[in-house]
Amino acid sequence: MALSLPVLAVTGLAKEGRLAAGPGVAAIGAGGNPHRLQAMLAERVQPGCRAVVSIGIAGGLDPDLLPGDVVIATAVQAGNRRFEADASVAASLLARLSRPGLKVLPGDLAGVDAAVLSLEGKADLWSRTGAAAVDMESHVAAAFAERHGLPFAAIRVVCDPAHRALPAFAAQALKPNGEPDILAVLAALARGSAKVGGLVRLARDSKAAFGSLARCRALLGPGLGIPLAEEPLREVA
(Lines give C-alpha, C1' and ligand atoms only; values in the text may rest on other atoms or scores of the structure.)
Protein backbone atom coordinates (compact mmCIF):
# COMPACT_ATOMS: atom_id res chain seq x y z
CA MET A 1 0.00 0.00 0.00
CA ALA A 2 1.37 3.43 -0.94
CA LEU A 3 2.43 5.67 1.91
CA SER A 4 0.10 8.57 2.65
CA LEU A 5 1.28 12.10 2.05
CA PRO A 6 2.18 14.02 5.22
CA VAL A 7 0.44 17.00 6.74
CA LEU A 8 2.41 20.19 6.11
CA ALA A 9 3.03 22.12 9.34
CA VAL A 10 3.73 25.79 8.62
CA THR A 11 5.67 27.55 11.38
CA GLY A 12 7.71 30.66 12.01
CA LEU A 13 10.14 29.86 14.80
CA ALA A 14 12.59 26.98 14.68
CA LYS A 15 11.29 25.79 18.06
CA GLU A 16 7.76 25.61 16.62
CA GLY A 17 9.03 23.52 13.73
CA ARG A 18 10.80 21.09 16.03
CA LEU A 19 7.64 20.68 18.10
CA ALA A 20 5.42 20.20 15.06
CA ALA A 21 7.62 17.65 13.30
CA GLY A 22 6.92 13.96 13.76
CA PRO A 23 5.29 10.94 12.15
CA GLY A 24 3.07 12.00 9.27
CA VAL A 25 4.17 15.64 9.50
CA ALA A 26 6.53 17.69 7.35
CA ALA A 27 7.43 21.04 8.95
CA ILE A 28 8.41 24.19 7.09
CA GLY A 29 9.34 27.58 8.50
CA ALA A 30 10.91 30.85 7.40
CA GLY A 31 12.10 32.54 10.57
CA GLY A 32 9.12 34.83 10.98
CA ASN A 33 9.47 36.24 7.46
CA PRO A 34 6.19 35.83 5.55
CA HIS A 35 7.72 36.90 2.24
CA ARG A 36 10.41 34.23 2.53
CA LEU A 37 7.72 31.73 3.47
CA GLN A 38 5.70 32.65 0.36
CA ALA A 39 8.78 32.05 -1.78
CA MET A 40 9.50 28.71 -0.13
CA LEU A 41 5.93 27.52 -0.64
CA ALA A 42 5.89 28.80 -4.24
CA GLU A 43 8.74 26.38 -5.00
CA ARG A 44 6.41 23.48 -4.16
CA VAL A 45 4.84 23.10 -7.60
CA GLN A 46 3.33 19.90 -6.30
CA PRO A 47 2.19 20.49 -2.71
CA GLY A 48 3.43 17.11 -1.48
CA CYS A 49 0.99 17.08 1.42
CA ARG A 50 -2.60 16.14 2.17
CA ALA A 51 -3.46 19.10 4.43
CA VAL A 52 -1.89 22.35 5.64
CA VAL A 53 -1.76 23.37 9.30
CA SER A 54 -0.38 26.65 10.59
CA ILE A 55 0.90 25.90 14.09
CA GLY A 56 2.81 27.96 16.62
CA ILE A 57 2.52 30.94 18.91
CA ALA A 58 0.68 34.19 18.22
CA GLY A 59 0.00 37.64 19.61
CA GLY A 60 -3.24 38.06 21.51
CA LEU A 61 -5.84 40.52 20.24
CA ASP A 62 -8.87 39.45 22.25
CA PRO A 63 -8.38 41.14 25.66
CA ASP A 64 -9.74 38.06 27.43
CA LEU A 65 -6.97 35.77 26.21
CA LEU A 66 -3.87 35.05 28.29
CA PRO A 67 -0.48 33.47 27.50
CA GLY A 68 -1.00 29.76 26.86
CA ASP A 69 -4.58 30.05 25.60
CA VAL A 70 -5.14 28.15 22.35
CA VAL A 71 -7.03 29.42 19.30
CA ILE A 72 -8.33 26.98 16.67
CA ALA A 73 -8.88 29.08 13.57
CA THR A 74 -12.32 29.44 12.06
CA ALA A 75 -10.78 31.65 9.36
CA VAL A 76 -7.77 33.84 8.65
CA GLN A 77 -8.28 37.49 7.76
CA ALA A 78 -5.53 39.25 5.81
CA GLY A 79 -6.15 42.60 4.15
CA ASN A 80 -9.33 42.24 2.15
CA ARG A 81 -9.10 38.45 2.03
CA ARG A 82 -10.77 35.91 4.29
CA PHE A 83 -9.53 32.33 4.15
CA GLU A 84 -11.94 29.87 5.74
CA ALA A 85 -10.53 26.98 7.72
CA ASP A 86 -11.85 23.49 7.00
CA ALA A 87 -14.82 23.36 9.38
CA SER A 88 -14.76 19.60 9.98
CA VAL A 89 -11.03 19.56 10.67
CA ALA A 90 -11.32 22.56 12.99
CA ALA A 91 -14.14 20.87 14.92
CA SER A 92 -12.10 17.68 15.25
CA LEU A 93 -9.04 19.60 16.50
CA LEU A 94 -11.16 21.53 18.98
CA ALA A 95 -12.59 18.30 20.39
CA ARG A 96 -9.17 16.65 20.53
CA LEU A 97 -7.52 19.55 22.35
CA SER A 98 -10.31 20.46 24.79
CA ARG A 99 -8.83 19.11 28.01
CA PRO A 100 -8.86 20.22 31.65
CA GLY A 101 -6.26 22.89 32.29
CA LEU A 102 -6.00 23.86 28.63
CA LYS A 103 -8.12 26.79 27.43
CA VAL A 104 -9.01 26.15 23.79
CA LEU A 105 -11.48 28.20 21.76
CA PRO A 106 -12.47 28.74 18.13
CA GLY A 107 -11.86 32.14 16.58
CA ASP A 108 -10.55 34.06 13.60
CA LEU A 109 -6.87 34.81 13.20
CA ALA A 110 -5.43 37.96 11.65
CA GLY A 111 -2.57 37.41 9.22
CA VAL A 112 0.01 40.20 8.88
CA ASP A 113 3.30 40.74 7.06
CA ALA A 114 4.93 42.73 9.88
CA ALA A 115 4.86 42.10 13.61
CA VAL A 116 2.22 44.01 15.58
CA LEU A 117 4.21 45.23 18.58
CA SER A 118 2.30 48.09 20.18
CA LEU A 119 -0.84 48.11 22.32
CA GLU A 120 -2.38 50.58 19.89
CA GLY A 121 -1.64 48.33 16.92
CA LYS A 122 -3.20 45.34 18.64
CA ALA A 123 -6.28 47.30 19.69
CA ASP A 124 -6.76 48.66 16.17
CA LEU A 125 -6.47 45.20 14.60
CA TRP A 126 -8.91 43.77 17.16
CA SER A 127 -11.38 46.58 16.43
CA ARG A 128 -11.16 46.11 12.65
CA THR A 129 -11.20 42.32 12.47
CA GLY A 130 -12.53 40.87 15.72
CA ALA A 131 -9.76 38.26 15.35
CA ALA A 132 -8.69 36.48 18.53
CA ALA A 133 -4.97 36.49 17.72
CA VAL A 134 -2.44 37.54 15.09
CA ASP A 135 0.53 35.84 13.44
CA MET A 136 2.67 36.13 10.32
CA GLU A 137 2.33 32.66 8.81
CA SER A 138 -1.33 31.62 8.83
CA HIS A 139 -2.44 33.78 5.90
CA VAL A 140 0.46 32.52 3.78
CA ALA A 141 -0.33 28.91 4.69
CA ALA A 142 -4.03 29.42 4.01
CA ALA A 143 -3.36 30.91 0.56
CA PHE A 144 -1.11 27.96 -0.29
CA ALA A 145 -3.80 25.49 0.80
CA GLU A 146 -6.45 27.33 -1.21
CA ARG A 147 -4.23 27.37 -4.30
CA HIS A 148 -3.86 23.59 -4.18
CA GLY A 149 -7.36 22.72 -2.99
CA LEU A 150 -6.16 21.31 0.33
CA PRO A 151 -7.81 21.32 3.76
CA PHE A 152 -6.45 24.13 5.95
CA ALA A 153 -6.39 24.50 9.72
CA ALA A 154 -4.51 26.63 12.22
CA ILE A 155 -3.58 26.07 15.86
CA ARG A 156 -2.12 29.16 17.47
CA VAL A 157 -1.20 29.68 21.13
CA VAL A 158 -1.23 33.17 22.62
CA CYS A 159 2.20 34.37 23.74
CA ASP A 160 2.06 38.15 24.21
CA PRO A 161 -1.51 39.07 25.29
CA ALA A 162 -3.43 42.10 24.07
CA HIS A 163 -2.45 44.16 27.11
CA ARG A 164 1.28 43.53 26.65
CA ALA A 165 3.38 45.38 24.06
CA LEU A 166 6.43 43.70 22.55
CA PRO A 167 9.80 45.47 22.68
CA ALA A 168 10.70 47.13 19.39
CA PHE A 169 13.78 44.96 18.87
CA ALA A 170 11.67 41.76 18.95
CA ALA A 171 11.00 41.90 15.21
CA GLN A 172 14.75 41.65 14.52
CA ALA A 173 15.60 39.14 17.25
CA LEU A 174 15.39 36.10 14.99
CA LYS A 175 17.89 34.53 12.63
CA PRO A 176 16.63 33.59 9.12
CA ASN A 177 16.30 29.96 10.27
CA GLY A 178 13.95 30.96 13.09
CA GLU A 179 16.44 30.53 15.93
CA PRO A 180 16.75 33.34 18.50
CA ASP A 181 19.46 35.87 17.66
CA ILE A 182 21.16 36.20 21.05
CA LEU A 183 23.64 38.79 19.76
CA ALA A 184 20.76 40.98 18.57
CA VAL A 185 19.16 40.76 22.01
CA LEU A 186 22.43 41.67 23.75
CA ALA A 187 22.96 44.57 21.35
CA ALA A 188 19.44 45.84 22.09
CA LEU A 189 20.18 45.71 25.81
CA ALA A 190 23.42 47.60 25.26
CA ARG A 191 21.64 50.30 23.25
CA GLY A 192 18.93 50.61 25.85
CA SER A 193 16.19 49.67 23.36
CA ALA A 194 15.43 46.58 25.42
CA LYS A 195 14.79 46.47 29.15
CA VAL A 196 15.54 43.52 31.39
CA GLY A 197 12.03 43.64 32.86
CA GLY A 198 10.48 43.41 29.42
CA LEU A 199 12.67 40.47 28.53
CA VAL A 200 11.71 38.67 31.72
CA ARG A 201 8.00 39.15 31.00
CA LEU A 202 8.47 37.97 27.41
CA ALA A 203 10.37 34.90 28.62
CA ARG A 204 7.57 34.10 31.09
CA ASP A 205 4.88 34.51 28.43
CA SER A 206 6.88 32.40 25.98
CA LYS A 207 7.27 29.65 28.54
CA ALA A 208 3.49 29.53 29.07
CA ALA A 209 2.82 29.59 25.33
CA PHE A 210 5.30 26.85 24.46
CA GLY A 211 4.12 24.77 27.39
CA SER A 212 0.60 24.79 25.94
CA LEU A 213 1.90 24.22 22.42
CA ALA A 214 3.87 21.17 23.58
CA ARG A 215 0.78 19.77 25.31
CA CYS A 216 -1.30 20.36 22.16
CA ARG A 217 1.31 18.59 20.06
CA ALA A 218 1.27 15.55 22.34
CA LEU A 219 -2.52 15.40 22.19
CA LEU A 220 -2.60 15.73 18.41
CA GLY A 221 -0.38 12.74 17.72
CA PRO A 222 0.65 11.52 14.23
CA GLY A 223 -0.35 13.74 11.34
CA LEU A 224 -1.30 16.52 13.78
CA GLY A 225 -4.51 14.65 14.47
CA ILE A 226 -5.82 15.03 10.91
CA PRO A 227 -7.13 11.66 9.73
CA LEU A 228 -6.37 10.14 6.38
CA ALA A 229 -8.92 10.75 3.65
CA GLU A 230 -10.43 7.31 4.10
CA GLU A 231 -10.75 7.74 7.89
CA PRO A 232 -13.76 9.45 9.47
CA LEU A 233 -13.30 12.61 11.47
CA ARG A 234 -14.21 11.79 15.04
CA GLU A 235 -13.98 13.24 18.47
CA VAL A 236 -11.43 11.84 20.86
CA ALA A 237 -12.78 10.96 24.31
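The structure displayed is predicted, hence computed values, not measured ones. (Residues numbered from 1 in each chain as written. Predicted model: local features only at pLDDT ≥ 70, side-chain atom pairs only at ≥ 80, totals over all residues. Heavy atoms only, no water.)

A. Expanded view of the overall build of the protein. Within the protein, the regular secondary structure consists of seven helices and eight strands. Relative to its 237 residues, the protein shows a buried fraction of 49%. Across the protein, the fraction of contacts at a sequence separation of at least 24, relative to all contacts at a separation of at least 6, is 78%. With an accessible surface of roughly 11,100 Å², the protein has 60% of that area assigned to carbon and sulfur atoms. (Helix = DSSP H or I, 4+ residues; strand = E, 2+ residues; numbered from the N terminus. Buried < 20%, exposed > 50% of the residue type's maximum accessible area, 1.4 Å probe, protein only. Contact = heavy atoms within 4.5 Å. Areas by Shrake-Rupley, 256 points an atom, 1.4 Å probe, with all protein chains shown as cover.)

B. Representation of the packing of aromatic side chains. In the structure shown here, the tally under the stated rule is zero aromatic pairs. The ring of Phe 210 carries Lys 15 above its face, with NZ or CZ at 4.4 Å from the centroid. (Phe/Tyr/Trp six-rings, centres within 6.5 Å; stacked < 30°, edge-to-face > 60°. Lys NZ or Arg CZ within 6 Å of the ring centre and 35° of its normal.)

C. Broad picture of the nonpolar core. Membership of the largest hydrophobic core comes to 28 residues, with the highest contact counts inside it found for Leu 8, Val 10, Leu 41, Val 52, Val 71, Leu 109 and Phe 152. Mapped by element, the contributors of at least two residues to this core are strand E1 (7-11), helix H2 (34-42), strand E3 (51-60), strand E4 (70-78), strand E6 (104-111), helix H5 (138-148) and strand E8 (152-158). The element best represented in this core is H5, accounting for five residues. Apart from residues no more than four positions distant in its own chain, Phe 152 is found in contact with Val 52, Ser 54, Val 76, Glu 84, Ala 85, Asp 86, Ser 138, Ala 141, Ala 142 and Ala 145. Of all hydrophobic cores here, the second largest spans 27 residues; its members include Val 53, Ile 72, Ile 155 and Leu 224. (Core = buried A, V, L, I, M, F, W, Y, C linked by side-chain atoms within 4.5 Å.)

D. How the structure looks around the environment of Gly 60. By the secondary structure assignment, Gly 60 is in strand E3. Between the C-alpha atoms of Gly 60 and Asp 160, which are 100 residues apart in sequence, the distance is 5.9 Å.

E. Up close: the pairing of strand E5 (residues 81-84). Across four bridges, the pairing between E4 and E5 is antiparallel. What sits directly across from Ala 78, in E5, is Arg 81. The antiparallel pairing of E4 with E5 creates a hairpin that spans two residues between the two strands, and Gly 79 there sits at a positive phi of about 60 degrees. (Pairing = 2+ DSSP bridges.)

F. Quick look at the side chain of Thr 11. The residue Thr 11 is located in strand E1 in this model. With relative accessibility at 2%, the residue Thr 11 sits in the buried group. Residues in contact with Thr 11, not counting those within four places in the same chain, are Glu 16, Gly 17, Ala 20, Ile 28, Gly 29, Ala 30, Ile 55, Glu 137 and Arg 156.

G. Seen up close, the layout of surface pockets. Approximately 180 Å³ is the volume found for the second largest pocket. As for the second largest pocket, its lining consists of 15 residues, and the residues nearest its centre are Arg 50, Pro 222, Gly 223, Ile 226 and Leu 228. Counted by class, the lining of the second largest pocket contains eight nonpolar, four polar and three charged residues. (1 Å grid on protein atoms, 1.4 Å probe; cavity = no way out; pocket = protein on both sides within 12 Å on 5 of 7 lines; lining within 4 Å. Points joined across faces, edges and corners; volume = space filled by probe spheres on them. Nonpolar A, V, L, I, M, F, W, Y, C, P; charged D, E, K, R; others polar.)

H. View of the side chain of Arg 217. Within the secondary structure, Arg 217 sits in helix H7 (residues 196-220). As a buried residue without a salt bridge, Arg 217 has its nearest oppositely charged side chain in Glu 16, at a separation of 12 Å. Setting aside its immediate chain neighbours within four residues, Arg 217 contacts Leu 19, Ala 20, Ala 21, Gly 22, Val 25 and Leu 224. (Lys, Arg positive; Asp, Glu negative; His and termini not counted. Salt bridge = Lys/Arg side-chain N within 4 Å of Asp/Glu carboxyl O.)

I. Region of the structure containing the packing of H2 against H5. Closest axis-to-axis distance for the H2/H5 pair is 9 Å, and the angle between their directions is 20 degrees. By the angle between their directions, the pair H2 and H5 is classed as roughly parallel. Crossing of H2 over H5 shows right-handed handedness. Contact with H2, carried on its side by Pro 34, Leu 37, Gln 38 and Leu 41, involves His 139, Val 140 and Phe 144 of H5 and no other residues of that element. Its residues assigned to classes, the contact of H2 with H5 shows five nonpolar, two polar and no charged. (Axes fitted to C-alpha atoms, helices over the stretch in contact; angles between N-to-C directions. Parallel < 35°, antiparallel > 145°, perpendicular 65-115°, else oblique. Left-handed = near helix turned anticlockwise from the far one by under 90°.)

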